[in-house]
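# Structural overview
Single-letter residue listing:
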Amino acid sequence: MGDGEPRVPTAIAVTSADMALPPQDERTLPAAVLPDVDRRPLEQVLAELQTLVDQHGHVIVVCSQAVPASVERRLHTVRALLETDRIALFRPSLPPLGIAVLARQLRQLASCDLGPGVLASAGRLLTHYIHAGALLGSVARLDRVPVDLKAHARSWVPGSQFGVVAHPVPQLVKVGPEAALAGPEFGTSLLVAKGQLAPDWVTGTLAPSWRVQGLREAALPAESPHWWGTARLTEFCAYLPDLSVLYQLVTSVRRSACHWCGIDVIGDRCVFCSATPPNYDGSGGDGSGGTGTGSARDRALGHRRDPALGRRRERRALTG
């Protein structure tokens with residue numbers, strides 16, 4: 001990991017203190033915690049985010065889809081009032097513990113020589129390497145993973161437990177001698193957060209079957225019972241813990257410049273301004289159907305220099 005020029009690291013923010021996991025290593029940067037953004041005075045939240053932008057240049061807010069809609073609305077409002085493309089809201093479809101793990105991985109990477117656009121884009125990439133699930137005492141109110149009628153019926157049997165994986169591929173089994181969940185095909189650590197259900201099956205059966213290389217405990221996020229539909233649970237998440245592996249994954253992906261804001265990104269969408277690559281009728285980028293020899297990156301850069309070239313996609317205030 002190159003040192004590069006001295007720079008202030010991009011801020012990684014979470015919406016509650018229980019989503020700011022303890023550091024994974026000595027390079028893991030602290031999270032910026034934005035608690036109760038929908039309940040505190042708007043002026044206070046505005047000042048808080050403005051300070052983060054002033055200090056860090058860019059802010060990535062990693063947020064669970066289980067937070068109240070009022071939290072997302074408030075973040076949209078703050079960003080619009082600040083009139084900035086330097087704040088991104090990232091809300092992947094991960095359970096709360098998986099969100100906390102992903103935020104910590106971004107905090108690890110924030111210490112490296114990665115620009116804010118690449119770091120924000122890395123969130124989408126790293127979600128593919130997270131296996132997140134839970135041991136549940138009931139699936140009667142579970143709506144995040146497909147549940148058949150038989151499983152619903154078994155939920156009413158006293159003492160029933162279910163092993164569930166929500167990401168990357170939904171799975172559900174009734175816990176028993178033959179119960180098994182397909183896990184990652186690469187080395188991971190397992191984080192376990194105990195709720196109102198003993199974690200014995202997770203630590204004694206699931207962890208060995210997934211061949212995890214380390215097992216740690218964490219506090220159960222407050223959003224988890226709502227996300228899983230029950231407080232009778234133990235949540236778990238398998239993830240890549242090593243910064244060197246995370247860095248290699250991210251830097252192995254080709255970078256390009258966002259045609260709208262010019263920031264370097266990986267993937268096909270800028271997390272800060274939500275722009276996707278423009279559609280060109282021809283490689284000249286002017287809609288004439290020409291057959292120029294410039295690369296797609298050159299055309300995108302030209303489009304950024306002259307907004308009249310090509311076709312622009314409508315931006316959204318925040319990326320989802």
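As a reminder, the structure under discussion sits directly above these lines.
Read on for an overview of the structure.

Rules behind the numbers
Throughout this document, residue positions are counted from 1 along each chain, in the order its sequence is written. Local features in a predicted model are, by the rule used here, given only for residues with pLDDT of at least 70; side-chain atom pairs are given and counted only at 80 or more, and totals for whole chains, interfaces and linings are based on all residues. Calculated side-chain values reflect all of the structure's heavy atoms, with hydrogen atoms and water omitted. One speaks of a salt bridge when a side-chain nitrogen belonging to Lys or Arg is within 4 Å of a carboxyl oxygen belonging to Asp or Glu. Each residue gets one of three labels from its accessible area relative to the maximum for its type: buried under 20%, exposed over 50%, partly exposed in between, using a 1.4 Å probe on protein chains only. Strands are runs of DSSP state E lasting at least 2 residues, helices are runs of H or I lasting at least 4, and numbering of each runs from the N terminus. Helix span is expected to be 1.5 Å times the residue number reduced by one. Whether two strands pair comes down to DSSP finding at least two bridges between them. The axes are straight lines fitted to the C-alpha atoms, using for helices just the contacting stretch, and the angles between their N-to-C directions are given from 0 to 180°. Contacts: residue pairs with any heavy atoms within 4.5 Å of one another.

### Comments concerning the pattern of salt bridges
Evaluation of the coordinates by the stated rule reveals five salt bridges. For Glu 48, the salt bridge goes to Arg 40, with nearest N and O atoms at 2.6 Å. Residue Asp 143 pairs with Arg 144 through a salt bridge whose shortest N-O separation is 3.9 Å. According to the relative accessible area criterion, Arg 144 is partly exposed, its value standing at 31%.

### Some words on helix 3 (residues 96–109)
With 14 residues, helix 3 should cover 20 Å at 1.5 Å per step; its first-to-last C-alpha distance of 20 Å lies within 8% of that length. Among the 14 residues of helix 3, 14 are classified as buried, and the element is accordingly described as predominantly covered.

### As for the environment of Asp 264
Examined against the element boundaries, Asp 264 turns out to sit in strand 12 (residues 264–266). As for Asp 264 and Ser 121, which are separated by 143 residues in sequence, their C-alpha atoms are 9.4 Å apart.

### A word on the sheet that holds strand 5 (residues 131–136)
Here six strands make up an open sheet; going across it, the order is 7-6-5-10-8-9 and the pairing mixed. Whereas interior strands pair on both sides, the edge strands pair on one side only; in this sheet they are strand 7 (171–174) and strand 9 (215–219). With direction set aside, neighbouring strand axes in the sheet form an average angle of 20 degrees. Pairing geometry for strand 5 and strand 6 (residues 162–167), over five bridges, is antiparallel. Looking across to strand 6, one finds that Ala 134 is bridged to Val 164. Along the sheet, helix 3 makes contact with strand 8 (189–194) and strand 10 (233–239), crossing strand 10 at roughly 30 degrees. Helix-sheet contacts for helix 6 (residues 200–210) involve strand 5, strand 6, strand 8, strand 9 and strand 10, and the interaxial angle to strand 10 is about 25 degrees.

### Observations regarding the sheet that holds strand 4 (residues 87–90)
Ordered in space as 2-1-3-4, the four strands form an open sheet in which the pairing is parallel. Among the strands making up the open sheet, the edge pair consists of strand 2 (32–33) and strand 4. Note: strand 1 (residues 11–14) against strand 2, two bridges, orientation parallel. Paired with Val 14 across the two strands is Val 33, which belongs to strand 2. The sheet strands contacting helix 3 are strand 1, strand 3 (59–62) and strand 4, and the helix crosses strand 1 at an angle near 165 degrees.

### Description of the pairing of strand 10
Burial within strand 10 is extensive, with seven of its seven residues counted as buried. Alternating residues of strand 10 divide into Leu 233, Glu 235, Cys 237 and Tyr 239 and Thr 234, Phe 236 and Ala 238, and every residue in both groups is buried. Strand direction decides the pairing type here: strand 5 and strand 10, joined by six bridges, are antiparallel. Across the sheet, residue Gly 133 finds its bridge partner in strand 10, namely Phe 236. Note that strand 8 and strand 10 share six bridges and pair antiparallel. Paired with Leu 190 across the two strands is Ala 238, which belongs to strand 10.

### Quick notes on unusual backbone geometry
Residue Pro 168 follows His 167 across a cis peptide bond; omega there is 10 degrees. In this structure, Pro 168 sits in the loop between strand 6 and strand 7. Not every positive phi belongs to a glycine, and Glu 83 is a case in point at roughly 50 degrees. Tracing the backbone shows Glu 83 in the loop between helix 2 (69–82) and strand 4.

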